[in-house]
Number of protein chains: 2
Amino acid sequence: MLKLSTKGQYGVRAMFEIASGHAGEPVAIKEIAARQDVSVAYLEQILNTLRKSGLITSVRGPGGGYLLARQPEKISIGEILRSLDGPIALTACQDPMEGCVRADGCVTSLLWKALGEKIEGFLDAMTLRDLLTGKNKQLSGQKYPSLEIEKTGHHAFLEKTGKIGA
Amino acid sequence: MLKLSTKGQYGVRAMFEIASGHAGEPVAIKEIAARQDVSVAYLEQILNTLRKSGLITSVRGPGGGYLLARQPEKISIGEILRSLDGPIALTACQDPMEGCVRADGCVTSLLWKALGEKIEGFLDAMTLRDLLTGKNKQLSGQKYPSLEIEKTGHHAFLEKTGKIGA
DNA sequence: TAATACTCTACTAATATTGTCAAGTATTTT
DNA sequence: AAAATACTTGACAATATTAGTAGAGTATTA
C-alpha cells in the first residue's frame with residue numbers, strides 16, 4: 001500500500017541524473033533514458049511535465065538536453081512529486097478537489113491529515129542537493145553508501161527475473 | 001498520489017466503531033455498516049481479514065457482533081492497515097516480495113526507505129486509544145475537535161454531489 | 001540540409017481497486 | 001424444533017488508474 005507511482009520515481013531519478021550531469025552541460029534525454037532504463041517516450045512525458053512546472057529548462061539542437069532551472073538545493077523532492085502526480089492526498093477527504101463526506105469523519109480525518117503533513121514535510125525538506133551529497137539530516141541515521149554506481153552479477157540476475165520470491 | 005485504499009480507511013473506521021462501542025458489548029456489523037455508509041458485504045470482507053489477523057473477535061447469534069481482541073491502546077493503526085493492505089512499500093525496491101533492480105538505485109532507494117520508516121513509525125505509534133481520546137502527541141498541534149458527531153447542511157450537500165470542483 | 005533533440009496528443013494494455021452476489025454455517029431465543 | 005439473527009466464504013464483475021507506446025510534428029545548430 002501507499003505506492004509511489006513510477007512516474008514520480010522516474011521523475012526523481014531523472015532529476016538526479018540532470019543534477020549530477022557535467023556542470024552546466026545539458027543532459028540529453030537519451031542519456032537519462034539509458035541510465036534509468038526507461039523508454040525515451042515515457043521519459044519525454046515526464047520531463048515535459050517537469051519543464052512546464054519550471055523545474056527544468058531545455059536546450060534544443062545537437063548537444064542539447066535538459067538543465068535544472070534552479071540550484072539543486074532549491075529543488076525539493078516534494079516539488080518533483082507534486083509536479084508529476086498531483087498533490088499528496090492520502091484520502092479523498094484530504095484531496096482539495098474532493099470533500100469530506102462523512103459526518104463522523106473528523107476523527108480519522110485528522111489522523112490522515114497529520115500523516116500527510118508529516119510526509120509532505122519530509123519531502124519538502126529533502127532536496128536534490130541532499131541526494132547528491134547524502135548529508136541531509138533526515139537521511140542520516142541510515143548507512144549511506146557512496147554514490148558510485150554499483151554493478152554486481154546479483155543485480156543482473158534480478159534484472160532478468162524481475163521479482164524474487166513472488 | 002500516495003493514496004490509502006478504501007479498504008484500509010474503512011478498516012480503521014470500523015475498528016474505531018468497535019472500539020467506541022458500548023463497553024464490552026459486541027458491535028453488530030449492520031450497525032457499523034450503517035454508521036460508515038458502507039455495504040455490509042464489503043465490510044464483511046474487511047472484518048473477516050481483521051479477525052484472522054487477531055485484531056478482533058466475533059460473537060455469533062442474536063446480540064452478537066465484533067469486539068476488539070485487545071485493549072485499544074494495544075492496537076495500532078499500522079497493524080490495521082498492514083492487515084488489510086499488506087506491508088507499506090512505497091516502491092518495488094522496498095517491497096519484500098520484489099527486489100532492487102537498478103544498479104544506481106541506492107541513492108533514491110535510501111530516500112524511499114527513510115520515508116517509509118517515517119510513515120510506519122507514525123502509524124505504529126498511533127493507536128485506537130489515541131483516536132478515542134485524541135491526545136496522542138503526534139496529533140497534537142492539530143486543532144482537535146470533540147468527538148461529537150457533527151452534522152451540517154454542508155455535509156449533506158457534499159454527500160449528494162460526491163465531488164466539488166471536479 | 002541533415003542530424004539531433006525536444007513537443008504534443010492520443011491511445012492501448014495491464015493491473016489493482018472496489019464492491020457485489022449468492023449460498024452456506026453457526027448461535028441463540030422462543 | 002424452528003425462526004431469527006449474525007457471521008463465513010469464495011467467486012466474480014465493474015471501474016479506475018497506471019504504465020507505457022506510437023506517431024506525427026517542431027525547433028535548433030553544425
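Everything numeric in this text was worked out from a predicted model, so none of it was measured.

The rules behind these values
Residues numbered from 1 in each chain as written. Chains lettered and ligands numbered in written order. Predicted model: local features only at pLDDT ≥ 70, side-chain atom pairs only at ≥ 80, totals over all residues. Heavy atoms only, no water. Helix = DSSP H or I, 4+ residues; strand = E, 2+ residues; numbered from the N terminus. Areas by Shrake-Rupley, 256 points an atom, 1.4 Å probe, with all protein chains shown as cover. Near = heavy atom within 4 Å. Polar contact = N/O pair within 3.5 Å; in protein donor to acceptor, adjacent residues only side chain to side chain. pLDDT = per-residue confidence, 0-100. Contact = heavy atoms within 4.5 Å. Nonpolar A, V, L, I, M, F, W, Y, C, P; charged D, E, K, R; others polar. Buried < 20%, exposed > 50% of the residue type's maximum accessible area, 1.4 Å probe, protein only. Axes fitted to C-alpha atoms, helices over the stretch in contact; angles between N-to-C directions. Parallel < 35°, antiparallel > 145°, perpendicular 65-115°, else oblique. Left-handed = near helix turned anticlockwise from the far one by under 90°. Pairing = 2+ DSSP bridges. Salt bridge = Lys/Arg side-chain N within 4 Å of Asp/Glu carboxyl O.

Structural notes on the overall build of chain A
Step number 1: Looking only at helices and strands, chain A has 7 helices and 2 strands in total.
Step number 2: Its helices and strands in sequence order give chain A the pattern α-α-α-β-β-α-α-α-α, from N to C terminus.
Step number 3: A total of about 8,300 Å² of accessible surface is found on chain A, and carbon and sulfur atoms cover 52% of it.

As for the protein's contact with DNA strand D
Step number 1: Taken together, 23 residues form the shell around DNA strand D, and within it Gln45(A), Arg60(A), Glu44(B), Arg60(B) and Gly65(B) come nearest.
Step number 2: Those atoms of DNA strand D that come within 4 Å of the protein belong to sugar or phosphate at a rate of 72%.
Step number 3: Backbone polar atom of Thr6(A) to a phosphate oxygen of DNA strand D: 3.0 Å apart, as the coordinates give it.
Step number 4: Within the side chain of Arg51(B), one N or O atom sits 3.1 Å away from a phosphate oxygen of DNA strand D.
Step number 5: Elements supplying a minimum of two residues to the surface near DNA strand D: α1 (6–19) and α3 (40–52) of chain A together with α3 (40–52), β1 (56–59) and β2 (65–68) of chain B.

Considering the confidence of the model for chain A
For residues with low pLDDT, the predicted coordinates do not support detailed interpretation.
Residues and elements named next belong to chain A.
Step number 1: Confidence along chain A averages 79 in pLDDT terms, with 75% of residues attaining 70 or more.
Step number 2: Per-element mean pLDDT across chain A ranges from 27 in helix α7 (residues 153–161) up to 95 in helix α4 (residues 77–85).
Step number 3: In this model, residues 143–166 is a region of pLDDT below 50 whose contacts with residues beyond four sequence positions or in other chains number 34 contacts.

Thoughts on the protein's contact with DNA strand C
Step number 1: For DNA strand C, the set of nearby residues contains 24 residues, the closest of which are Glu44(A), Arg60(A), Ser39(B), Gln45(B) and Arg60(B).
Step number 2: Of everything in DNA strand C that lies within 4 Å of the protein, sugar and phosphate atoms constitute 75%.
Step number 3: Here a base nitrogen of DNA strand C sits 3.5 Å away from a polar atom, N or O, in the side chain of Glu44(A).
Step number 4: In this structure, a phosphate oxygen belonging to DNA strand C sits 2.5 Å away from a side-chain N or O atom of Ser39(B).
Step number 5: Looking at the surface near DNA strand C, the elements with two or more residues in it are α3, β1 (56–59) and β2 (65–68) of chain A together with α1 (6–19) and α3 of chain B.
Step number 6: The element that contributes the greatest number of residues to the surface near DNA strand C is α3(A), accounting for 5 residues.
Step number 7: In the surface near DNA strand C, the residues fall into 8 nonpolar, 10 polar and 6 charged.

Quick notes on the environment of Tyr42(A)
Residues and elements named next belong to chain A.
Step number 1: Positionally, Tyr-42 belongs in helix α3.
Step number 2: On the basis of relative accessibility, which here comes to 26%, the residue Tyr-42 falls in the partly exposed class.
Step number 3: Separated by 35 residues in the primary sequence, Tyr-42 and Lys-7 place their C-alpha atoms 8.7 Å from one another.
Step number 4: Excluding residues that lie within four positions of it along the chain, Tyr-42 makes contacts with Thr-6, Lys-7 and Tyr-10.

Focus: the packing of helix α2 (residues 29–36) of chain B against α3(B)
All names here are of chain B.
Step number 1: As a packed pair, α2 and α3 sit with axes 10 Å apart at the nearest point and diverge in direction by 115 degrees. Relative to α3, the element α2 is oriented roughly perpendicular. Handedness of the crossing formed by α2 with α3: right-handed. Mapping the contact onto sequence places Ile-29, Ile-32 and Ala-33 in α2 and Val-40, Leu-43, Glu-44 and Leu-47 in α3.
Step number 2: Broken down by class, the residue content of the contact of α2 with α3 amounts to 6 nonpolar, no polar and 1 charged.

Focus on unusual backbone geometry
Step number 1: One non-glycine residue, Leu2(A), lies in the positive phi region at around 55 degrees.
Step number 2: By the element assignment, Leu2(A) lies in the segment before α1.
Step number 3: Phi is positive for Asp37(B), which is not a glycine, with a value near 55 degrees.
Step number 4: Mapped onto the fold, Asp37(B) is located in the loop between α2 and α3.
Step number 5: Since its relative accessible area comes to 54%, Asp37(B) is described here as exposed.

Topic: helix α4 (residues 77–85) of chain B
Each full turn of the α-helix corresponds to 3.6 residues, which orients residues three or four apart in the same direction.
Residues and elements named next belong to chain B.
Step number 1: Most of α4 sits out of view: 7 of its 9 residues are buried.
Step number 2: Every buried residue belonging to α4 is among Ile-77, Gly-78, Ile-80, Leu-81, Ser-83, Leu-84 and Asp-85, and all of these are buried.
Step number 3: Two residues or fewer past α4, Gly-86 is found with a positive phi of approximately 75 degrees.

Things to note about the pairing of β1(B)
All names here are of chain B.
Step number 1: Sheet topology places β1 next to β2; 4 bridges connect them, and they run antiparallel. Each bridged residue has a counterpart across the sheet, and for Thr-57 the counterpart in β2 is Leu-67.
Step number 2: Linking two consecutive strands that pair antiparallel, namely β1 and β2, is a turn of 5 residues; a positive phi of about 85 degrees is found at Gly-61 within it.

Here we look at the pattern of salt bridges
Step number 1: In total, this model carries 14 salt bridges over all chains according to the counting rule given.
Step number 2: Put simply, Glu31(A) and Arg35(A) hold a salt bridge, and the shortest N to O gap is 3.0 Å. Of this pair, Glu31(A) and Arg35(A) both sit in helix α2 (residues 29–36), 4 residues apart, which is roughly one turn of the helix.
Step number 3: With a relative accessible area of 39%, Arg35(A) lands in the partly exposed category.
Step number 4: Asp124(B) is paired through a salt bridge with Arg82(B); the nearest N and O atoms lie 2.9 Å apart. Here the residue Asp124(B) occupies a position in helix α5 (residues 106–125), and Arg82(B) occupies one in helix α4, the gap between them amounting to 42 residues.

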